[in-house]
Each structure stands twice: as C-alpha cells, then as structure tokens.
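Here are the chains, one letter per residue:
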Amino acid sequence: MRIAGWDVIVFDEIDSTNAEAKRRARAGFAGNVLLIAETQTAGRGRMDRKWESPRGAGLWMTQLFRAPNRSPEGAVFVSALALVRALRVETGGDFLIKWPNDIVINGKKVCGMLAECGFDADGAWIALGSGLNLRAGALELPHAISVEQATGRLIARDEILPAYLTEFNTLRGAWAADGLATIIEQLRPLSATLGCEVLVSGERAQAVDIDIDGALIIMKDNRQRRVVAGDVSVRGLAGYV
Ligand code: ADP
C-alpha cells in the first residue's frame, strides 16, 4: 500500500515498529517506509520506558526515511506539528504539543514519539516512532487519553494517516530548505509547555521559550537555562502537562 509517497507495511503483531525499522535500515532500504502494527509486544518510549499499544486501539507506527541531517529531535518536532494539525482538522479538538515529544489534550497524553537515527553509505536515516491512542477504553494509565475520549470521535487509522503524512511531507520540505527555526516558529503557538510552570527533573521553573534548535528555555531564580530534549522529563506542577 502507498499513502502520500510512503510505502506502508502493516504487521499483525511485532516487538516494536522502531526496532523493525532499525533492522530494515541496517539491511538497506529505499525511499520512505512506514511500518504499522496492530499491536506491539515491546513498544518503548524514551529511556526504555514501556509504551502500551493494545490491539486495534491506536496508530502504532514508525516512519523510516532519509533526513536532511542527523537530528532525531528535529524529526520529532516536524512530526508533532504535522500530527497536531491533522488531528485538529479531522476532529476540531484542541490538541497541543508537550515539549519535547508528546501530543496532549485535556492535560493528558494522547500520543508519544520516539526518534532514533543511524548512518550508512547513503547518509543519515531516522526511525521516527509515534503511538497515537485512538479508541477509548483500552488503556488504564492515569495520564493517558484517546482521541475518542477527548473529542467523542472514533477516527480510523486510514482517515488520519493521509492527512498527517501530507502535512509531514510539507513540513519536512520546509525543515530541509530552511532549517528547524521555521518549524519551531510554527510550533510555539501550539505548545502546551510554554508559559507554564513546569517540573524539570523535579526542579520547579517557568518554561519561557523553545529556541531555534528546539531546546527548552526555562527561567529559575531570575536565571535562564537551556534544557535539551533527551535529558529530562518535563511535568506540570499539578499533573502530567
Ligand atoms: P515522557 O515523555 O512522558 O517523559 P516517554 O516519552 O518516555 O515519557 O513515554 C513513556 C511513558 O508514557 C511511559 O512511562 C508511560 O507512563 C506512558 N505511556 C505508555 N504507553 C502509553 C500510551 N499508550 N498512551 C499514553 N501514555 C503512555
């Protein structure tokens, strides 16, 4: 199957779509490949945390592609912006981006992303995994929510994918042509983190900006600090966001 220039491969069950993407990257791949699983037995978040992917309850996928540079963080911003836009158009819900790698609504996590990268003779590749909760009732995590719970709309994978991939392709082109600054500029108004008091690894601070390299700028005791994705988990004072 081909959607918006991506070769789509669907697995009934797999350990993790990111793990399969990395296996394929090492074996050699051509073009844009999109791996989807009905369920994952070993889905992962950052820092090897478990990612729940119940059968038929969400869009569990990894995009394997060539990137303009070796920046998995950049790819996550491109993907989060594209998916938030697609979700807003499809459902009208107020989806936002929690720095650096989640999509949230109503203060809960509806999607998590994990990008990994490597290098071969043809240059850098990125395996960009996203787990989007679509159906209500399948997850029992306190900070998780599904698109159906948040918006009352049960959308199909096939509805959201073309909208998302089309948006992703456009933004990826802008990223390649103009760098990450143009993506961050578009992402700022859709940030759930900016302007909020947050806990950065347990320390209380004000999130004041996302810089053009994608780092979070926090203010604490009248001093600014730059926080790089990958180093920290950001939490809201009262809960997840
Ligand atoms: P964070 O960015 O929140 O620090 P990660 O990106 O590492 O965390 O994602 C892993 C965490 O996400 C897990 O520890 C778990 O709390 C949560 N989680 C796991 N599966 C799901 C899911 N399907 N929906 C929402 N949250 C999930």
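Quantities reported herein were computed from a predicted structural model and do not represent experimental measurements.

Remarks on helix α1 (residues 17-27)
When we look at burial in α1, the residues that qualify are Thr17, Asn18, Ala19, Glu20, Ala21, Lys22 and Ala25. As for α1, its buried residues are in contact with β2 (6-14), β3 (33-40), β4 (58-66), β7 (108-120) and β8 (123-133). The opening residue of α1, the one whose side-chain oxygen lies 3.3 Å from the backbone nitrogen of Asn18, is Ser16. Looking at the residues trailing α1, positive phi occurs at Gly28, about 100°.

Some words on the state of the cysteines
Under the counting rule described, the total for this entry stands at zero disulfides. Of all cysteine sulfurs in the structure, the one in Cys196 sits closest to Cys111, which takes part in no disulfide; the separation is 19 Å. No disulfide involves Cys117; its sulfur sits 19 Å from that of Cys111, the nearest cysteine. You can call Cys117 partly exposed: its relative accessible area is 30%.

Re the site of the ligand
The full set close to the ligand counts 16 residues, and Arg46, Arg49, Glu52, Asn133 and Tyr240 are the nearest of them. In this structure, a nitrogen atom belonging to the ligand sits 2.9 Å away from a side-chain N or O atom of Asn133. With respect to the ligand, the side chain of Arg235 contributes an N or O atom lying 3.4 Å from an oxygen atom. Contact with the protein chains removes 87% of the 570 Å² of surface that the ligand exposes when unbound. Comparing atom positions with the cavity grids shows the ligand to sit within the largest pocket. Partitioned by chemical class, the residues of the shell around the ligand number five nonpolar, four polar and seven charged.

Structural notes on the environment of Gln149
Relative to the helices and strands, Gln149 resides in helix α3 (residues 147-151). When its relative accessible area of 48% is taken as the criterion, Gln149 is described as partly exposed. Once the C-alpha coordinates of Gln149 and Ile183 are considered, the two residues, 34 residues apart in sequence, prove to be 29 Å apart. Polar contacts involving the side chain of Gln149 include one to the main-chain amide nitrogen of Ser146, which spans 2.8 Å.

Concerning the environment of Glu185
Tracing the chain through its elements places Glu185 in helix α5 (residues 180-187). Given a relative accessible area of 57%, Glu185 falls into the exposed group. Sequence separation between Glu185 and Lys98 is 87 residues, and the spatial gap between their C-alpha atoms is 15 Å.

Some thoughts on the sheet that holds strand β12 (residues 223-227)
Read from one edge of the open sheet, five strands run β12-β11-β10-β9-β13, paired in antiparallel fashion. The open sheet has two edge strands, β12 and β13 (234-236), and neither has a second partner. Taking each pair of neighbouring strands and ignoring which way they run, the sheet shows an average axis angle of 45°. As paired elements, strand β9 (residues 197-200) and β13 share three bridges and run antiparallel to each other. Residue pairing for β13: Val198 is matched across the bridge by Gly236.

Observations concerning the packing of helix α4 (residues 157-178) against α5
How two helices sit against one another is set out by the angle between their axes and by the gap between those axes. It is at 6 Å that the axes of α4 and α5 come closest, and there the two elements cross at 130°. Regarding the angle of α4 to α5, the classification is oblique. Contacts from Leu171, Ala174, Trp175 and Asp178 in α4 reach Leu180, Thr182, Ile183 and Gln186 in α5. Across the contact of α4 with α5, the residue classes break down as five nonpolar, two polar and one charged.

Observations concerning the sheet that holds β4
Taken in spatial order, the eight strands make up an open sheet running β1-β2-β3-β4-β8-β7-β6-β5, and their pairing is mixed. Since the sheet does not close on itself, it has two edges, and those belong to β1 (2-3) and β5 (96-98), each with one partner. As paired elements, β2 and β3 share seven bridges and run parallel to each other. Bridged to Asp7 within β3 is Val33.

So, how was this worked out
- Residues numbered from 1 in each chain as written.
- Predicted model: local features only at pLDDT ≥ 70, side-chain atom pairs only at ≥ 80, totals over all residues.
- Heavy atoms only, no water.
- Buried < 20%, exposed > 50% of the residue type's maximum accessible area, 1.4 Å probe, protein only.
- Helix = DSSP H or I, 4+ residues; strand = E, 2+ residues; numbered from the N terminus.
- Contact = heavy atoms within 4.5 Å.
- Polar contact = N/O pair within 3.5 Å; in protein donor to acceptor, adjacent residues only side chain to side chain.
- Disulfide = S-S within 2.5 Å.
- Near = heavy atom within 4 Å.
- Areas by Shrake-Rupley, 256 points an atom, 1.4 Å probe, with all protein chains shown as cover.
- 1 Å grid on protein atoms, 1.4 Å probe; cavity = no way out; pocket = protein on both sides within 12 Å on 5 of 7 lines; lining within 4 Å.
- Sits in = over half its atoms within 2 Å of the grid points.
- Nonpolar A, V, L, I, M, F, W, Y, C, P; charged D, E, K, R; others polar.
- Pairing = 2+ DSSP bridges.
- Axes fitted to C-alpha atoms, helices over the stretch in contact; angles between N-to-C directions.
- Parallel < 35°, antiparallel > 145°, perpendicular 65-115°, else oblique.

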